Amino acid sequence: MPEGDALYRFARRVDAALAGKVILAARAHGPGPVPQVERLTGAMCLGARSFGKNLFIEFDNGLALRGHLRMYGTWHVYRPGQPWSRPESEARLVLEVADAVVVNFSAPVIELLETRALTLHRPIAGLGPDLIADDFDPAEALERLRDPLRADLTIGDAVMDQQVMAGVGNIWKHETLFRCGVYPWRRVRDMSDEELLGLIQTARDLLRASVGKPNGRGLARRPEMYVYLRAGQPCRRCGTKILSAPQGVDIRLTAWCPRCQPPPPGCAGPGLSPGRRR
Ligand SMILES: [Zn+2]
């Protein structure tokens, strides 16, 4: 699933292709609700930006597009006349300007909204601060993590909660927990503010490194993967075999190093998922 860093890169490409240009043609296709994007024809694009895993494209006629890719969606930019890598039947959205064609393939969410209503739109209104943004506020993310509703969540689920902080998906969940030495099944209520702030800052550093932005750790552009998709292989740090178990409401596998991320005494493991308690 594309995470905040992938969406940031998509937004940069879409912005470079569309910003300041007049939309010559716009069309959308199902499955699902088809937004009336013909209303964008003749409007000028004001720019594209990401927020967490969302991509927004705004126009000078008061309208904005929101796209969310979930598992399989992607954004492509082509020159006019250039062959596409996938058939138009798979395109959800096509936007044409004089020198570029922007195509979204397979996004389950493409919505046309009024720009002034964006902040009230339900899927966006509750989002936590965007981890990649220059003005990200770790204290706000901590406050959201400390919401009593989240006290019983495992930390592996909580760091992916987009209403805590926007941008972390399954990949950066894994790598953030490993780098902080945190066992994925610890409960939020059992962790100190210092530990939670360490996780928040590490997630931000990893995402910003991935898009080439300055980060607190001086991390390189493509941070090495320590545990994501490495179950059964030796830990790159200590050599112990990486374990994995299902976690969260979507019961996807979480991998961790039992030596670098040991459970604290008395901490319940994968057998007691918070899903059973809710
Ligand atoms: Zn290890």
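Predicted, not measured: the structure shown is a model, and the values here were computed from it.

Enquirer: Help me out: how do you make sense of the domain arrangement of the protein chain in this one?
Expert: How big an interface is tends to be stated in terms of accessible area lost as the parts join. The domain architecture assigned to the protein chain consists of domain 1 (4–122) and domain 2 (138–264). For domain 1 versus domain 2, the distance between C-alpha centres works out to 31 Å. With seven residues of domain 1 at the interface, the matching set in domain 2 holds eight residues. Looking at the side of domain 1 that touches domain 2 residue by residue, the classes come out as two nonpolar, two polar and three charged.

Enquirer: Looking at this structure, how should I read the sheet that holds strand 3 (residues 54–59)?
Expert: Strand pairs in the sheet, formed through backbone hydrogen bonds, run parallel or antiparallel to each other. Taken together, the four strands give an open sheet; going across it, the order is 2-3-4-8, and neighbouring strands pair in antiparallel fashion. Lying at the two open borders of the sheet, with one neighbouring strand each, are strand 2 (45–51) and strand 8 (109–114). Across the sheet, the mean angle from the axis of one strand to that of its neighbour is 20°, orientation sign disregarded. Of the pairings in the sheet, the one linking strand 3 to strand 4 (residues 63–68) comprises five bridges and is antiparallel in character. Bridge pairing links F56 to R66 in strand 4. Here helix 1 (residues 4–18) sits on the sheet and contacts strand 2 and strand 3; the angle it forms with strand 2, its principal contact strand, is near 175°.

Enquirer: Could you clarify how one ought to interpret the nonpolar core in this entry?
Expert: Among soluble globular proteins, nonpolar side chains are generally buried collectively. The biggest cluster of nonpolar side chains holds 64 residues, and the ones touching the most others in it are V14 and A203. Broken down by element, this core gets its largest block of residues, eight residues, from helix 1. No fewer than three residues from each of domain 1 (4–122) and domain 2 (138–264) sit in this core. Filtering out sequence-adjacent residues up to four positions away, A203 remains in contact with L131, V159, M165, V168, W172 and T176.

Rules used in this analysis
- Residues numbered from 1 in each chain as written.
- Predicted model: local features only at pLDDT ≥ 70, side-chain atom pairs only at ≥ 80, totals over all residues.
- Domains from an automatic or database assignment.
- Contact = placed C-beta atoms within 7 Å.
- Nonpolar A, V, L, I, M, F, W, Y, C, P; charged D, E, K, R; others polar.
- Pairing = 2+ DSSP bridges.
- Helix = DSSP H or I, 4+ residues; strand = E, 2+ residues; numbered from the N terminus.
- Axes fitted to C-alpha atoms, helices over the stretch in contact; angles between N-to-C directions.
- Core = buried A, V, L, I, M, F, W, Y, C linked by C-beta atoms within 7 Å.
- Buried ≥ 20, exposed ≤ 12 C-beta atoms within 10 Å, placed from the backbone.

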